[in-house]
Amino acid sequence: MEMSTKKMGTSHVSCLDLWREKNDQLVRQAKVAQDSSLPLRRQQLAQDALEGLRGLLCSLQGLPATVSVLPLELTVICNFITLRANLARGFTEDLAQDIQQGLERVLETQGQLEARLEHELWGLWDAALRVSSLLPELLPALHHLAGLQAALWLTTNRFGDLTLLLQTLTVSQSSASEDMLLLLKSWRPPTEESDAPLTLQNAQGLRDVLLTAFACRQGLQELITGSLPKALSSLHEAASGLCPRSLLVQVYTALGTCLRKMGSPQRALLYLVAALKEGSTWGPPLLEASRLYQQLGNIAAEIESLELLVEALSITRIPEAHQLLIEVELLLPRPDPASPLHCGTQSQAKYLLASRCPSCSPELPFPLLMPPLWCDSASFSPPPCPPGPCVPELFLEAAAALIQAGRAQDALTVCEELLSRTSFLLPKRPRLWEDARRRTKESPHCSPWVSATHLLQGQAWVQLGAQKEAISEYSRCLELLFRATPKDKEQGPASICEQGCTSDMALQQLQTAALISRGLEWVALGQDTKALQDFLLSVQMCPGNQDASYHLLQTLRRLDRRDEATALWRRLEAQTELPQENTAWSLPLYLETCLGWICPPDRETLREEFQTSGDL
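Thresholds applied
Residues numbered from 1 in each chain as written. Predicted model: local features only at pLDDT ≥ 70, side-chain atom pairs only at ≥ 80, totals over all residues. Heavy atoms only, no water. Salt bridge = Lys/Arg side-chain N within 4 Å of Asp/Glu carboxyl O. Helix = DSSP H or I, 4+ residues; strand = E, 2+ residues; numbered from the N terminus. Buried < 20%, exposed > 50% of the residue type's maximum accessible area, 1.4 Å probe, protein only. Axes fitted to C-alpha atoms, helices over the stretch in contact; angles between N-to-C directions. Parallel < 35°, antiparallel > 145°, perpendicular 65-115°, else oblique. Left-handed = near helix turned anticlockwise from the far one by under 90°. Contact = heavy atoms within 4.5 Å. Nonpolar A, V, L, I, M, F, W, Y, C, P; charged D, E, K, R; others polar. Core = buried A, V, L, I, M, F, W, Y, C linked by side-chain atoms within 4.5 Å. Domains from an automatic or database assignment.

The next point concerns the pattern of salt bridges. Evaluated as defined, the whole model comprises 15 salt bridges. Between R84 and D94 there is a salt bridge, with the nearest N and O atoms lying 2.4 Å from each other. Highlighted residues: R84 in helix α3 (residues 70-88) and D94 in helix α4 (residues 93-108), separated in sequence by 10 residues. Accessibility expressed as a relative area gives 23% for R84, which makes it partly exposed. Notably, a salt bridge pairs E288 with R291, separated by 3.3 Å at the nearest N-O pair. Of the two residues, E288 and R291 both sit in helix α14 (residues 283-296), 3 residues apart, roughly one turn of that helix.

For the pair helix α10 (residues 203-225) and helix α11 (residues 228-239), interaxial distance at closest approach is 8 Å and the crossing angle is 155°. Here α10 lies roughly antiparallel to α11, going by the angle between them. For the crossing formed where α10 meets α11, the hand is left-handed. Packed against α10, whose contacting residues are L211, T212, A215, C216, Q218, G219, L220, E222 and L223, the element α11 presents L228, K230, A231, S234, L235, E237 and A238 at the interface. For the contact of α10 with α11, the residue count by class is 9 nonpolar, 4 polar and 3 charged.

Let us now look at the nonpolar core. Counting 97 residues, the largest nonpolar core has F91, L103, W125, L145 and L331 as the members making the most contacts within it. Each of domain 1 (15-186) and domain 2 (206-330 + 339-346) accounts for three or more of the residues forming this core. If we ignore the near neighbours within four places in the chain, the residues touching F91 are I81, A85, L148, A151, L152, T155, I326 and L331. With 51 residues, the next largest nonpolar core counts A452, A513, A531 and L595 among its residues.

What follows covers the packing of α14 against helix α15 (residues 299-314). Closest axis-to-axis distance for the α14/α15 pair is 8 Å, and the angle between their directions is 165°. With respect to α15, the axis of α14 lies roughly antiparallel. By crossing handedness, the relation of α14 to α15 is classed as left-handed. Where α14 abuts α15, its residues G283, L286, L287, A289, S290, Y293 and Q294 lie against A301, E302, S305, L306, L308, L309 and A312. Each residue belonging to the contact of α14 with α15 can be placed in one class, and the counts come to 9 nonpolar, 4 polar and 1 charged.

This part covers the environment of A460. Residue placement: A460 occurs in helix α20 (residues 448-463). Separated by 60 residues in sequence, A460 and A400 place their C-alpha atoms 8.9 Å apart.

Here it is, written out as structure tokens:
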């Protein structure tokens, strides 16, 4: 008899280990599916994992409930519900039945089979949590299941039951509170043991999702009902939580709406800029920008925002692959028509544009460079010769002056501030940029301000002795500059650039400065071959720039490429004998400062050495 009991105990442990191993294997399979870049394979792996969890759950629930197996069983229920809700993109009623069955199994271990039939779902929770006080090993899995119950009740607007559940889960002074945000913040799910069965999403992660989702829902509802201070607080809470980028666009837009209605248009503009920077869902922030410009009386900017809105709504977005978890967006309803996040259809946007500007044609190419909402100007198209320096140039001049004064760290701070205000001017999607180029003869204008900022950051890093960071900044500067292409020469007569004073000249000089600066850092690192490539390219970009030619000459000599060095020297000598053209064009002060940094300090010495050497 004793031998039979021992054998049964060994069999029981073996089955538990096999079930746990099966759960862990299915969780790993789901995570592999989540990381797959192939949609069909991802869907198939996830569906197979779901069916595996369903089969494992049937095996576990086909036996009498026991305390030793129940933590694993509740974990399998949680994994099954998480994966099924994600694949279905929402919670369904049968998931509530899975939760209820898990609670009934907890009560079954305590012989409360009759009592469980008399309880509603909330009563089951109350009874199960009382049982867990006697069986602490069930507590982590029960809190995990409670998180899924909270998600289900949140999506079905059962806030009364949700409040009662959170009050029971929260063991603190706030447990008597009915403030849902406070209750969620106070809830501290127990930490899982290191040897616990694997989960797709733990209770702490689920609690963070619930907190963000509820703050977002509450903030939007308060915004619609006009409780603006409360809405502002809730939306700030949502923005600081576990917010994916696509949702952050909506939260920032709602914050912009709230601040506009509260009479803070400048702060509202900052949030709209942040929304445009976060992703490609530009509809809501553009519509809100048009409302704000209308309120400010800036009709030109309002019309431009509406034109951008029309084009934004015409672009078909490729949906991003969702994580196989309970995500914040899964717990949010569709935007209400009264919500500021509801931007309507393209036809509605065209109608709105026509009502504000009957002469406007909505059939315009979509410019990827967003209007600088933080500026007072209506659109980003500065005149060729502005009457005075604009705000970004003042930032750049300040940064250049700080570097000259040896205050590199302060210069980096100024550059970071400028980038935070201008980086949204850059194209967000290369595919859309190419579409825009195919649909219009105009090249997209990539502001030299952003490129110059990276150039100055590179110089600041050089001063701080961080050569790798400097090279990275110079490379970023060049990447942006090479996107900017000259205008089609067939568009009209000679441009002002050909007369000596346009941004094309500034672009050329910026490219040269960045190439030479990066080449000098390659030289400092002993990589003359890479430096040679940059110096060659700088000479090709700006053939008349003698600084580039002298740096190239020095590098050719170090690499012992005498024939090429001699040919280059003769060209340089021929250039010095020719009468110099009167270059009437002028450059921004910050750019002149940058060009001064790359001037070879020993040009005359090099000429004398070359003349007296046997290279000629």
